[in-house]
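Here is what each chain is made of, one letter per residue.
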Amino acid sequence: DTEVTQTPKHLVMGMTNKKSLKCEQHMGHRAMYWYKQKAKKPPELMFVYSYEKLSINESVPSRFSPECPNSSLLNLHLHALQPEDSALYLCASSRPRTGANTEAFFGQGTRLTVV
Amino acid sequence: AQTVTQSQPEMSVQEAETVTLSCTYDTSESDYYLFWYKQPPSRQMILVIRQEAYKQQNATENRFSVNFQKAAKSFSLKISDSQLGDAAMYFCAYRVSGATNKLIFGTGTLLAVQP
């Protein structure tokens, strides 16, 4: 199983709503990532979790709150977002150590629209 | 800081022909990993090929091969016998070895395949 599953696939939310994006993998990967991707742009790294601990926060606004409840799950909690936060949010996972098979596997993403 | 540059925003190739996508990167690290990812309109990021910096031999995966020039910090992707299904956005990506697990993407090259 080399699949990273993200739910929901599409999400429309108001600026006062609270919502969560979910990501799940069963490859035994101990590094998980959130990326934000705008149209025709590369993914921008937001957060990295290694062994369920937050290891990188790329100065992301606090209205985005990540959570890694266990080694298979990664959540992104959203609150008081702005229209400019509308984007494709990608989750990925990988082996955290160097060596063979270091590539990241990506989910299909959640298309988020903030109205 | 590490950077990844793709100087070709768009490329076009005839079906069954060969095309080369360029990527350069800048790093002071000696041990790292390079990847090419493909993102079709379905938006899932798919790994095409990977290269470990400590390996001098260029990686090959079926119709896809790389020309890795470590001294020049160049990592180009060659697609042979192009197929309609190869049409996608292609991203070059860099990963530092070690604990950071940071994956940095280039700006992407949109490849069109003409029948």
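As shown above, the structure is provided for reference.
Residues numbered from 1 in each chain as written. Chains lettered and ligands numbered in written order. Predicted model: local features only at pLDDT ≥ 70, side-chain atom pairs only at ≥ 80, totals over all residues. Heavy atoms only, no water.

### Focus on the overall build of chain B
Part 1 of the argument: When helices and strands are tallied, chain B shows zero helices and twelve strands.
Part 2 of the argument: In terms of C-alpha radius of gyration, chain B reaches 14 Å, essentially the compact-globule figure of 13 Å for 115 residues.
Part 3 of the argument: Considered along the principal axes of its C-alpha atoms, chain B spans approximately 45 × 25 × 20 Å.
Part 4 of the argument: Every one of the 115 residues in chain B was classed for burial, and the buried ones make up 49%. (Helix = DSSP H or I, 4+ residues; strand = E, 2+ residues; numbered from the N terminus. Rg over C-alpha atoms; globule rule 2.2 N^0.38 Å. Buried < 20%, exposed > 50% of the residue type's maximum accessible area, 1.4 Å probe, protein only.)

### A short note on the overall build of chain A
Part 1 of the argument: Helices and strands together make up the secondary structure of chain A, namely zero helices and eleven strands.
Part 2 of the argument: Traced from its N-terminal end to its C-terminal end, chain A shows the element sequence β-β-β-β-β-β-β-β-β-β-β.
Part 3 of the argument: Taken over the C-alpha trace, chain A has a radius of gyration of 14 Å; the compact-globule value for 115 residues is 13 Å, and the two agree within 12%.
Part 4 of the argument: For chain A, with 115 residues in total, the buried portion stands at 49%.
Part 5 of the argument: Contacts in chain A between residues at least 24 apart in sequence constitute 54% of all its contacts with a sequence separation of at least 6.
Part 6 of the argument: Accessible area of chain A: about 5500 Å², with a carbon and sulfur share of 49%.
Part 7 of the argument: Here chain A holds 14 positive side-chain charges and 10 negative ones, and the gap between their average locations is 4 Å. (Contact = heavy atoms within 4.5 Å. Areas by Shrake-Rupley, 256 points an atom, 1.4 Å probe, with all protein chains shown as cover. Lys, Arg positive; Asp, Glu negative; His and termini not counted. Charge placed at Lys NZ, Arg CZ, Asp CG, Glu CD.)

### A short note on the pattern of salt bridges
Part 1 of the argument: Tallying each qualifying case throughout the model produces six salt bridges over all chains.
Part 2 of the argument: Its salt-bridge partner being Asp85(A), residue Arg63(A) comes within 2.7 Å of it at the nearest N-O pair. Placement of Arg63(A) in the loop between β6 (53-57) and β7 (64-70) and of Asp85(A) in the loop between β8 (73-79) and β9 (87-94) is noted, with a sequence separation of 22 residues between them.
Part 3 of the argument: Asp85(A) gets classed as buried once you look at its relative accessible area, which sits at 2%.
Part 4 of the argument: Here Glu103(A) and Arg50(B) are joined by a salt bridge, their closest N and O atoms 2.8 Å apart. With Glu103(A) in the loop between β9 and β10 (105-106) and Arg50(B) in strand β6 (residues 46-52), this residue pair bridges two chains. (Salt bridge = Lys/Arg side-chain N within 4 Å of Asp/Glu carboxyl O.)

### What about the state of the cysteines?
All names here are of chain B.
Part 1 of the argument: Tallied over the entire structure, the rule returns two disulfides over all chains.
Part 2 of the argument: Covalently, Cys 23 is tied to Cys 92 through a disulfide, its sulfur atoms 2.0 Å apart. The sign of the S-S torsion, about -65 degrees, decides the handedness of the disulfide formed by Cys 23 and Cys 92: left-handed. Placement of Cys 23 in the loop between β3 (19-21) and β4 (24-26) and of Cys 92 in strand β10 (residues 88-96) is noted, with a sequence separation of 69 residues between them. (Disulfide = S-S within 2.5 Å.)

### Details of the interface of chain B and chain A
Part 1 of the argument: In this complex, chain B contributes 23 residues to the contact, which on the side of chain A involves 33 residues.
Part 2 of the argument: Around 2200 Å² of area is buried between chain B and chain A when both sides are counted, 49% of it from carbon and sulfur atoms.
Part 3 of the argument: Inspection of the region where chain B meets chain A yields one salt bridge.
Part 4 of the argument: Where chain B touches chain A, the interface holds nine residue pairs in polar contact (both at pLDDT 80 or more).
Part 5 of the argument: Looking at the side of chain B that touches chain A, the elements that each hand over two or more residues are β5 (32-39), β6, β10 and β11 (103-105) of chain B. (Buried area = accessible area lost by both parts, 1.4 Å probe. Polar contact = N/O pair within 3.5 Å; in protein donor to acceptor, adjacent residues only side chain to side chain.)

### Examining the pairing of strand β2 (residues 10-13) of chain A
Residues and elements named next belong to chain A.
Part 1 of the argument: Burial along β2 is one-sided: Leu 11 and Met 13 are buried, while His 10 and Val 12, pointing the other way, are not.
Part 2 of the argument: For β2 and strand β11 (residues 110-114), the ladder comprises four bridges, and the chain directions are parallel. Each bridged residue has a counterpart across the sheet, and for Leu 11 the counterpart in β11 is Leu 112. (Pairing = 2+ DSSP bridges.)

### A word on the sheet that holds β8(A)
All names here are of chain A.
Part 1 of the argument: Taken together, four strands build an open sheet; the order of strands is β1-β3-β8-β7 and the sheet is antiparallel. At either end of the open sheet lies a strand with only one pairing partner, and these are β1 (4-7) and β7. Taking each pair of neighbouring strands and ignoring which way they run, the sheet shows an average axis angle of 20 degrees.
Part 2 of the argument: The sheet contact formed by β1 and strand β3 (residues 18-25) spans four bridges and is antiparallel. Note that in β3 the partner of Gln 6 across the bridge is Cys 23. (Axes fitted to C-alpha atoms, helices over the stretch in contact; angles between N-to-C directions.)

Fair warning: the whole summary comes from geometry, so function is off the table for now.
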